[in-house]
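Summary of structural features
Now for the letters of each chain:
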Amino acid sequence: MWRDYLLKHWPMIGVSMVLLMIEGSTLGALSWMLKPLFDKVFVQGESDLIWWVGAAIFGLFLIRAVTSVASRTVMTSVSLRTSSDMQIDLFRHMLRLDQHFYQANPPGALIERVQGDTSAVQNVWKIFISSTGRDAVSLISLFGVAVAIDPGWTLGAVIGAPLLILPVAMAQRYIRRKTRQMRESSSERATRLDEVFHGIAAVKLNGIEEYQAGRFSRLVNEVRIAQIKTTFISGLVPAMIDIITGLGFFVVLILGGQQILAGERSVGDFMSFFTAMALAFQPLRRLANSAGAWQTAAASLERIYRLFDTQPAITSPAQPAALPETTRIEFDDVHLHYGDKHVLRGLSFVAEPGQTTALVGPSGAGKTTVFNLLTRLVDPDSGSIKLGGTPLNALGLAELRQHFSTVSQDSALFDETIRENVLLGQQEIDPDHIQTALEAAHVTEFTDLLQNGINTGAGPRGSALSGGQRQRVAIARAVLRDAPILLLDEATSALDTVSEAKVAQALADLSQGRTTLVIAHRLSTVRNADKIVVVVEGQVVEQGTHDELLAKDGPYAGLCRMQLLD
């Protein structure tokens, strides 16, 4: 998969590779130029040649400087483009996943996947291209010079290389394992930060600042210790290369020194060879470091691949059915489990088009699950759910969800302006329609008093607004969406009396002419519903109008008496 991201930018990679190969080959040419410099100029005294040799060496350094700057700029661009593409694709993929996925994975861990893991692999592209381009070519050219001068000396220089195979392999496996642990700890750290910052009021009110700081400190220390161990093992490989290289230089010095003293080889041969091997030292170290960097990135790539391999269970059919003309909703013997918990146990009811149907019952009875099933955030284990006589799973997901507007107790607002929270990405909306929606939801009652009006920021999760104001923004959003089915989930339960009255009026106006389903614990808010469905332990135990259910003196009447409702 990572190759696909690189191949998308193959022209830039090709340019970078050419520049790197030119840069890498200059080292071999430089070491080769030392032979005539010593033999012809310094030993034989051909003074005129020094200008040509000096100019050639300067030219090599000039070429190396230009290609180095150009290649690094191109490589950085490729690196950032590939990591950005991966972040965008990963985020887009995660948005397609089901509700179960988000219940199993906390937001902090997902943020670390998108940001931390993709950032961890960002530099590997640069390292990979540099290793295959500049450093590999440098080693080939330098060893080519060394072999051309004396194959025996070259063999002596690399005599200890086989000793590195096993230690390097063991080090790479260790680095990969520790990096995997470090990425997991980083995810836990991000999760802890997300939970503490979003629950900062509870932290302060319960005086658990030190407790939370202690938990965070343990996670930070786990990451720190893993990083230290990884750095130590990563540093061992170049250190071992230093030792083996030192052994090789010692062998070459003994062999070459004796031959030069005996007059069998020239000083230029030795200096050119010695320079080639010395210049090979840094590319060799970088290649060794790149192996460790690759293992570090591989651990993050594994986590990214696992996420890409996670597929949504709820998808649109290959050939979606046409949207029905009516909004009649029918649940027929619907069963659903959340893990081991049997949430719905044969739920059956009908919501007629253009009417208001209220779902009431004790907490945990499965009422909110009904909304999740209608919008296909989850699918039932068995039974059927139909919209206008068409099974929900026969409709396209996007088209189905466009049929619903939802206002819940905890309406999700984003850290954007009030206007952007109402529009939710809709483009080219008539300003008159926006104003109508704001007025219908009584949003203008408080935005007109703000300096920036509807362009005022809502704050993180809408924290700059009161509960009633957030609800009215959510209602304005629903008005502007103008969907034929309205879902209201405890939309007024957390509001004060004044705010509840304004929100209730806005909801009543919004419900006109729409098929409306209401979940409410305050039975006073649903007494005028066309039908009230009483749900207990995932089953419908009775249904009818407010007066009909009171006359039956069943579960609904019992709930009314508990709330002192006449």
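So, here's what we can say about the structure.

Regarding the sheet that holds strand S10 (residues 539-544)
Ordered by their spatial adjacency, six strands build an open sheet running S6-S7-S8-S3-S9-S10, and the pairing between neighbours is mixed. The sheet terminates laterally at strand S6 (404-408) and S10, the two strands that pair on one side only. Strand-to-strand twist of the sheet, defined as the mean angle between neighbouring strand axes without regard to direction, takes the value 20°. Pairing of strand S3 (residues 356-360) with strand S8 (residues 515-519) involves four bridges; the strand directions are parallel. Within the sheet, the bridge partner assigned to Ala-358 lies in S8 and is Val-518.

Things to note about the packing of aromatic side chains
Tallying each qualifying case throughout the model produces two aromatic pairs. The interplanar angle of 90° and the centroid separation of 5.1 Å between the aromatic rings of Phe-101 and Tyr-102 together place this pair among those described as edge-to-face. Residue Phe-101 is classed as buried on the basis of its relative accessible area of 12%. For Tyr-102, a relative accessible area of 33% puts it in the partly exposed group. Each ring, one from Phe-331 and one from Phe-349, has its centre 4.9 Å from the other, and the planes form 10°; the classification is stacked. Of this pair, Phe-331 sits in strand S1 (residues 329-338) while Phe-349 sits in strand S2 (residues 341-351), and the two are 18 residues apart along the sequence. Both residues of the pair, Phe-331 and Phe-349, belong to the buried class.

Quick word on the side chain of Thr-515
By the secondary structure assignment, Thr-515 is in strand S8. On the accessibility criterion, Thr-515 (1% relative accessible area) is buried.

Here's the deal with the sheet that holds strand S5 (residues 390-391)
Strand order in the open sheet made by the four strands is S2-S1-S4-S5, with antiparallel pairing throughout. Edge strands, defined here as strands with exactly one partner in the open sheet, are S2 and S5. Here two bridges tie strand S4 (residues 382-387) to S5, and the two strands are oriented antiparallel to one another. The partner of Lys-386 across the bridge, within S5, is Pro-391. Packing of helix H12 (residues 367-374) onto the sheet brings it into contact with S1, S2 and S4, and relative to S1 it is tilted by some 110°.

Here's the deal with unusual backbone geometry
Despite not being glycine, Asp-333 shows a phi value in the positive range, around 55°. Position of Asp-333 among the secondary structure elements: in strand S1. In this structure Asp-333 comes out as partly exposed when scored by relative accessible area, which is 40%. We note that Leu-424 has phi near 50°; this positive angle belongs to a residue other than glycine. Tracing the chain through its elements places Leu-424 in the loop between helix H14 (418-423) and helix H15 (431-440).

A closer look at the packing of helix H3 (residues 49-95) against helix H5 (residues 107-120)
Angle between the axes and distance between the axes: these two values describe a pair of packed helices. Remark: H3 packs on H5, axes separated minimally by 9 Å, with the N-to-C direction vectors making an angle of 160°. As judged from the angle between their axes, H3 and H5 are roughly antiparallel. Pair H3 / H5 crosses with right-handed handedness. The segment H3 lies against H5, with Ser-83, Met-86, Gln-87, Leu-90 and Met-94 engaging Leu-110, Arg-113, Val-114, Gln-115, Thr-118 and Ser-119. Here the residues of the contact of H3 with H5 sort into five nonpolar, five polar and one charged.

Side note on the nonpolar core
Counting residues in each nonpolar core, the largest one holds 39 residues, and the members touching the most others are Val-407, Ile-475, Ile-532 and Tyr-556. When residues of this core are traced back to their parent elements, those giving at least two are S3, H14, H15, helix H17 (467-481), strand S7 (485-489), helix H18 (497-511), strand S9 (531-536) and helix H20 (555-562). Ranked by the residues each element gives to this core, the list is headed by H17, at seven residues. With near-sequence residues (within four places) excluded, Val-407 lies in contact with Gln-471, Ala-474, Ile-475, Ala-478, Leu-487, Leu-488, Asp-489, Ala-491 and Leu-507. In terms of nonpolar packing, the next biggest core, distinct from the first, is built from 28 residues, Val-334, Val-370, Ile-519 and Val-533 among them.

So, how was this worked out
Residues numbered from 1 in each chain as written. Predicted model: local features only at pLDDT ≥ 70, side-chain atom pairs only at ≥ 80, totals over all residues. Heavy atoms only, no water. Pairing = 2+ DSSP bridges. Helix = DSSP H or I, 4+ residues; strand = E, 2+ residues; numbered from the N terminus. Axes fitted to C-alpha atoms, helices over the stretch in contact; angles between N-to-C directions. Phe/Tyr/Trp six-rings, centres within 6.5 Å; stacked < 30°, edge-to-face > 60°. Buried < 20%, exposed > 50% of the residue type's maximum accessible area, 1.4 Å probe, protein only. Contact = heavy atoms within 4.5 Å. Parallel < 35°, antiparallel > 145°, perpendicular 65-115°, else oblique. Left-handed = near helix turned anticlockwise from the far one by under 90°. Nonpolar A, V, L, I, M, F, W, Y, C, P; charged D, E, K, R; others polar. Core = buried A, V, L, I, M, F, W, Y, C linked by side-chain atoms within 4.5 Å.

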